[in-house]
Amino acid sequence: MQTASASPVPLRGVIEGFYGTPWQQEERLDILAFCRAEGFNAYLYAPKDDPYHREKWREPYPEDKLRELGALVKAAKAQDVRFIFAVSPGLDVSLHGYKGYADRQKMLAKFETLYALGVRDFAIFFDDIKDKDGAGQAAFLSDVSRELRRRHADIGAFLTVPTEYFYADMQEGGARKPYTDAFTEGLSHDVLVLYTGDGVAKGPLTDEALAKADALYGRALGLWWNYPVNDYMETKLALGPVDPLPKGNLPACRREICPPSSSTR
């Protein structure tokens, strides 16, 4: 894990992005304290089974849930941790035409509500879906990111996870597959792409593998470190070390997000 004694990575922290029962407020507050103690500076809110994050993403959060989120944002600031708010609209999002325009407005409205609570870092995820419209997804992301930055000069990071989100699925014979090619060619360079390494939940990640993935995408990728993932097999306890990570110097624009020991995607 990235620690306070070795922190060349600008954005490093914990992702609540797993399937199953989301963390409760007390657990999230505990994670924020954990981030501060371990030298992490980011917490990414993306619980797959929060209906307002995924299945009902167009709908506004109820008032009681907004109060909880607001308290988390405030607690994150007190711990010097950036609260990154994510939405996963890929199950039914429209990417083209009038419906695509309407869904862009729905996404911006959702983000504006969280901006009012103090959130300045955002993400839109397209992982774990069947539709592979790379060009449409890239246009949606670029449009929302551009408009959000036009409205607010203090927007920080804007992240995404593509539908092909690990190296083995992004390429065939060393060449980008059609989805990945369209996605990366159409995506604004101010959107940071996260990927999970060579596979969905692989352990070791070498400097060479990281450089190969960057070269494939034509940009520096962020790492969704999925090694201790256990939501696909809840009886698994990931108690081993989460290493090795690349030992070389990461480029200045590199962002990496690391999870805690057993609760990821």
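Residues numbered from 1 in each chain as written. Predicted model: local features only at pLDDT ≥ 70, side-chain atom pairs only at ≥ 80, totals over all residues. Heavy atoms only, no water.

Topic: the side chain of Arg104
Among the secondary structure elements, Arg104 is positioned in helix α3 (residues 97-116). Discounting chain neighbours no more than four positions away, the residues touching Arg104 are Ser94, Leu95, Ala139, Phe140, Asp143 and Val144. (Helix = DSSP H or I, 4+ residues; strand = E, 2+ residues; numbered from the N terminus. Contact = heavy atoms within 4.5 Å.)

Quick word on the packing of aromatic side chains
Per the counting criterion, the structure on display carries 15 aromatic pairs. Centroid distance Phe111 to Phe122: 4.7 Å. Interplanar angle 40°. Geometry classified as tilted. Here Phe122 lies in strand β4 (residues 121-125) and Phe111 lies in helix α3, a separation of 11 residues in the sequence. In this pair, the class of Phe111 matches that of Phe122, namely buried. Aromatic ring contacts, followed pair by pair, group Tyr43, Tyr45, Tyr52, Tyr61, Phe83, Phe85, Phe111, Phe122 and Phe158 into a single cluster. Seen from the ring of Tyr61, Lys110 lies directly overhead, with NZ or CZ sitting 4.7 Å from the centre. The positively charged end of Arg120 is found above the aromatic ring belonging to Tyr115, 3.6 Å away from the centroid. (Phe/Tyr/Trp six-rings, centres within 6.5 Å; stacked < 30°, edge-to-face > 60°. Buried < 20%, exposed > 50% of the residue type's maximum accessible area, 1.4 Å probe, protein only. Lys NZ or Arg CZ within 6 Å of the ring centre and 35° of its normal.)

Digging into the pairing of strand β8 (residues 192-195)
Of the two faces of β8, the one lined by Leu192 and Leu194 and the one lined by Val193 and Tyr195 are each fully buried. Across two bridges, strand β5 (residues 158-161) lies against β8 in parallel orientation. Looking at β8, one finds that Thr160 is bridged to Val193. Across two bridges, β8 lies against strand β9 (residues 222-224) in parallel orientation. Among the inter-strand pairings, Tyr195 is bridged to a residue of β9, identified as Leu223. (Pairing = 2+ DSSP bridges.)

Observations concerning the pattern of salt bridges
With the rule as written, the count across this model stands at 19 salt bridges. Between Arg151 and Glu112 there is a salt bridge whose closest N-O contact spans 2.9 Å. Note that Arg151 is positioned in helix α4 (residues 134-151) and Glu112 in helix α3, a separation of 39 residues in sequence. What makes Arg151 partly exposed here is its relative accessible area of 34%. As a salt-bridge pair, Asp169 and Lys177 come within 3.1 Å of each other at their nearest N and O atoms. Looking at Asp169, the relative accessible area reads 18%, which means it is buried. Each of the salt bridges in this network shares a partner with another, and the network as a whole consists of Glu112, Glu147, Arg150 and Arg151. (Salt bridge = Lys/Arg side-chain N within 4 Å of Asp/Glu carboxyl O.)

Quick word on the packing of α3 against α4
Close contact between α3 and α4 brings their axes to 10 Å; oriented N to C, the two are set at 45°. It follows that α3 is oblique to α4 by the angle criterion. Seen along the crossing, α3 lies across α4 with a hand that is right-handed. Only Ala139, Phe140, Asp143, Val144, Glu147, Leu148 and Arg151 of α4 make contact with α3, whose side of the interface consists of Gly100, Asp103, Arg104, Gln105, Met107, Leu108, Phe111 and Glu112. Here the residues of the contact of α3 with α4 sort into seven nonpolar, two polar and six charged. (Axes fitted to C-alpha atoms, helices over the stretch in contact; angles between N-to-C directions. Parallel < 35°, antiparallel > 145°, perpendicular 65-115°, else oblique. Left-handed = near helix turned anticlockwise from the far one by under 90°. Nonpolar A, V, L, I, M, F, W, Y, C, P; charged D, E, K, R; others polar.)

Brief notes about the environment of Gln79
Looking at the element boundaries, Gln79 is found in the loop between α2 (63-78) and β3 (82-87). Remark: the alpha-carbon pair of Gln79 and Ala33, spanning 46 residues in sequence, is separated by 6.6 Å. Beyond its immediate chain neighbours, meaning those up to four positions away, Gln79 contacts Leu32, Ala33 and Arg36.

Observations concerning the confidence of the model for the protein
Per-residue pLDDT for the protein has a mean of 88; in total, 87% of the residues score no lower than 70. Residue range residues 1-7 is modelled with pLDDT below 50. Its contacts to residues more than four positions away, or to other chains, number 19 contacts. Note that pLDDT drops below 50 for residues 259-265; the model gives that stretch 42 contacts with residues more than four away or on any other chain. (pLDDT = per-residue confidence, 0-100.)

A closer look at unusual backbone geometry
Phi is positive for Asp80, which is not a glycine, with a value near 60°. Mapped onto the fold, Asp80 is located in the loop between α2 and β3.

Some thoughts on helix α1 (residues 25-38)
With 14 residues, α1 extends 20 Å between its outermost C-alpha atoms, agreeing within 8% with the 20 Å of an ideal straight helix rising 1.5 Å per residue. Buried within α1 are the following residues: Gln25, Arg28, Ile31, Leu32 and Cys35. Take α1 and look down its axis: the buried residues cluster within an arc of 115°, on one side only. Exposed and facing more than 90 degrees away from the buried side of α1 are Glu26, Asp30 and Ala37. On the buried face of α1, the contacting elements are β1 (13-16), β2 (42-45) and α2. Backbone geometry just after α1 places Gly39 at a positive phi near 80°. (Expected span 1.5 Å × (residues − 1). Arc of directions from axis to C-beta.)

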